[in-house]
Amino acid sequence: MPTTSLSLSLDRLRAGGETFMEEISREHYLAFSGLKPQAELQPIYARHAAVLGDDALAMVLEQFRGSAEGSEERRSARLLLEWLAEARASRELAELDEREIAWESGAVIRRADGSQVPYQRAAIDIANAIDRAERLSLDAARAALVKAELAPMKQERLERDRDLMQSLDLAGGYVPTFEALSGVPVRPLVEQCRGFLRDTQAMWDEVFPEFVRRGLGIEPGEATRSDALALLRAREFDAHFPAAAMEESIRRQVGEMGADPAAGGRVRFDTGERAGKRPRAFCAPVRVPDEVYLVLRPHGGQTDYNTFLHELGHALHFANMRADHPFEFRWLGDNSVTECYAMLFDHLMQDRGWLLRYTGLGKSNVERFLRAAGFEELHFLRRYSGKIIYEEQLYDGGVPWGALPDLYVDTLTSATGFRYHAADAFVDVDARFYAARYLRAWQLQALVTRTLVERFDEDWWRNPRAGPWIVGELFAEGQRELAQEQATRVAGAELSFAPLVRSIERMLG
Ligand SMILES: [Zn+2]
């Protein structure tokens, strides 16, 4: 006889899971938008203890092991199992997270000259520091504090998270367990990233010295990660991206491609000023697809446009999902897919025609802007490739913890050309291979864009037939499919870096 408790069935778990997720998401929305002083998550976990309980896990594990590979039962069970495993681990680690959050909000960097800077301000101050000696000394003081206090906490969390996932006993080791749960082939992706770094090395060797010399006034061999922050902070074009015009022009564009930017009122734009509201735009799907918040405080500038487009992509995805899809296809699944739609929108900032039509950039600036965008894109892809190569080894367990900081510095420095700090080896880590979701989103986005151009021409973003197709063929499916399944269905192609390399080559001219 199965060990499943009589009171629990998959359908009850789906219903309870959805209510739990809605309450967590609403709490985040209220806290991050300034409507509530802080998120109170513990009472929600307590109310829904059964959803994340041992019986639920046993039932889903049984369904997972008992269903045929490739069946829809297996797909649903895998999504529910991944979610339960991660949510249970997060609940176990909540205490460590609270300790970290408390540390981050109170920590102070003390510099050699006696001055003090709050830890949370450091990244912004480093990026904004015009004087290089100032930038480097602040970063050195930051790294010393991180090494002494934050890195040990982060290391403990990574170790415990790894042990918790492995204790599911699904496959030997963390990486195969993650692959089995997520459907994301990490090891083949790492190989693709090694290939991408090799294939773009010559191009990087050509543009890296040029941008470092011109943007920072230093020799390429001296450049550090803190210099990269300053270089990418460049605000040269910000005047052409005014805050006042942002929401209106982007909503106009979505309308011109035949889609409703508010998805029939299901996307709610929370754009007012409010004390306690996070400065960065975010999307909070509170009920999917019926109640999705896009929260922002428009500042204007290139980064703001980018973030707004990215979050709008997420919001339109959630708000257009089929309501009759089960919980797991609307709330769970491979986040490479929703990140792909977010990137489909933020990559409009790399489209010449779009920039000329919807921003104030103008013909005289657009070529220089695109060249800088090509440099940035190549930098980010090389950085993320380096990250996943390093993080695979971190989670794999083959390298002792003590040797990881040197491995981190070597891997990231050789991928990007900027010298990294050993202190950041456990801090600059995307937990549970989220970097892999981004990399696959990047690849899928390039294929989706290619498909849109083939079907709806270069300016698909204002073709009134494109929006309905995107909504019906892509958004409606939620996250039922893995990124590689969607690539096959939509573009008839495999996920790869090739189309991204071509688009970077075009931008760099
Ligand atoms: Zn995103």
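Quick summary incoming for the structure in this document. Since this is a predicted model, take the numbers as computed values, not measurements.

Description of the overall build of the protein chain
For the protein chain, the helix and strand inventory stands at 21 helices and five strands. The C-alpha radius of gyration computed for the protein chain amounts to 23 Å, which stays within 12% of the reference 23 Å derived for 509 residues, consistent with globular compactness. Taken across its 509 residues, the protein chain has 55% of its residues classed as buried. Across the protein chain, the fraction of contacts at a sequence separation of at least 24, relative to all contacts at a separation of at least 6, is 75%. Looking at the protein chain as shown, the accessible area adds up to about 21600 Å², and 51% of this sits on carbon and sulfur atoms.

Description of the layout of surface pockets
The space that makes up the second largest pocket amounts to roughly 750 Å³. Breaking the lining of the second largest pocket down by element, the ones donating at least two residues are α15 (352-358), α16 (363-396), α18 (434-456) and α21 (498-508).

Points about helix α19 (residues 466-474)
Turning to α19, its buried residues number three or more, namely A466, G467, W469, I470 and L474. Projected onto a plane normal to the axis of α19, the buried residues spread over an arc of 165° and lie on a single side. Close packing links the buried residues of α19 with α14 (335-346), α18 and α20 (483-491).

What to know about the coordination of the zinc ion
Of the protein atoms, only H310 (NE2), H314 (NE2) and E339 (OE) coordinate the zinc ion, at distances of 2.1 Å. When the donor residues of the zinc ion are listed from N- to C-terminus, their spacing reads H-x3-H-x24-E. Here H314 is found in helix α12 (residues 302-319), whereas its partner E339 is found in helix α14, with 25 residues between them in sequence. Like E339, H314 is buried.

A look at the pattern of salt bridges
For the coordinates displayed, the defined rule picks out 52 salt bridges. The salt bridge partner of R121 is D125, with a shortest N-O separation of 2.9 Å. On the basis of relative accessibility, which here comes to 43%, the residue R121 falls in the partly exposed class. Several salt bridges share partner residues, and in doing so they unite R383, K387, E391, D428 and D430 into one network.

Considering the pairing of strand β4 (residues 282-287)
With respect to burial, β4 is a largely interior element, five of its six residues being buried. Linking β4 to strand β5 (residues 291-295), which pair antiparallel, is a turn of three residues.

A closer look at the packing of aromatic side chains
Inspection of every chain in the model, using the stated rule, returns 27 aromatic pairs. Ring pairing ties together the aromatic residues W204, F208, F211, F375 and F418, which thus form one cluster. Lying over the aromatic face of F329, R480 brings its terminal NZ or CZ to 5.9 Å of the ring centre.

Quick word on the sheet that holds β5
Strand order in the open sheet formed by three strands is β3-β5-β4, with mixed pairing between adjacent strands. Only two strands of the sheet have a single neighbouring strand rather than two, namely β3 (267-270) and β4. The sheet shows a mean angle of 20° between the axes of neighbouring strands, taken without regard to direction. Bridge analysis of β4 against β5 gives five bridges, and the strand direction is antiparallel. Bridged to F282 within β5 is V295. Lying on the sheet, helix α1 (residues 10-32) is in contact with β3, β4 and β5; it crosses β4 at an angle near 140°. Along the sheet face, α12 touches β3, β4 and β5 and points at about 175° away from the line of β5.

Considering the side chain of S25
Considering the arrangement of structural elements, one finds S25 in helix α1. Look at S25 and you get buried, because its relative accessible area is 9%. One polar contact links the side chain of S25 to the main-chain carbonyl oxygen of P285, over a distance of 2.7 Å. In contact with S25, not counting residues within four places along its chain, are A284, P285, V286 and W331.

Observations regarding the nonpolar core
One finds W83, F345, Y390 and W460 to be the most contacted residues of the largest nonpolar core, which totals 148 residues. Looking at which element gives the most residues to this core, the answer is α16, with 13 residues. With sequence-adjacent residues up to four places away left out, W460 is seen in contact with M257, L344, L348, T449, L452, V453, A466 and I470.

A look at the packing of α16 against helix α17 (residues 404-416)
Following both chains from N to C, one finds α16 and α17 inclined at 155°, their axes separated by 8 Å at the closest point. One way to sum up the angle between α16 and α17 is to call them roughly antiparallel. Where α16 crosses over α17, the handedness of that crossing is right-handed. On α17, the residues touching H379, R382, R383, G386, K387, I389, Y390, Q393 and L394 of α16 are L404, L407, Y408, T411, L412, S414, A415 and T416. The class makeup of the residues in the contact of α16 with α17 is eight nonpolar, six polar and three charged.

Criteria and thresholds
Residues numbered from 1 in each chain as written. Predicted model: local features only at pLDDT ≥ 70, side-chain atom pairs only at ≥ 80, totals over all residues. Heavy atoms only, no water. Helix = DSSP H or I, 4+ residues; strand = E, 2+ residues; numbered from the N terminus. Rg over C-alpha atoms; globule rule 2.2 N^0.38 Å. Buried < 20%, exposed > 50% of the residue type's maximum accessible area, 1.4 Å probe, protein only. Contact = heavy atoms within 4.5 Å. Areas by Shrake-Rupley, 256 points an atom, 1.4 Å probe, with all protein chains shown as cover. 1 Å grid on protein atoms, 1.4 Å probe; cavity = no way out; pocket = protein on both sides within 12 Å on 5 of 7 lines; lining within 4 Å. Points joined across faces, edges and corners; volume = space filled by probe spheres on them. Arc of directions from axis to C-beta. Donors = N, O, S within 2.8 Å, 3.2 Å for Na, K, Ca; no water. Salt bridge = Lys/Arg side-chain N within 4 Å of Asp/Glu carboxyl O. Pairing = 2+ DSSP bridges. Phe/Tyr/Trp six-rings, centres within 6.5 Å; stacked < 30°, edge-to-face > 60°. Lys NZ or Arg CZ within 6 Å of the ring centre and 35° of its normal. Axes fitted to C-alpha atoms, helices over the stretch in contact; angles between N-to-C directions. Polar contact = N/O pair within 3.5 Å; in protein donor to acceptor, adjacent residues only side chain to side chain. Core = buried A, V, L, I, M, F, W, Y, C linked by side-chain atoms within 4.5 Å. Parallel < 35°, antiparallel > 145°, perpendicular 65-115°, else oblique. Left-handed = near helix turned anticlockwise from the far one by under 90°. Nonpolar A, V, L, I, M, F, W, Y, C, P; charged D, E, K, R; others polar.

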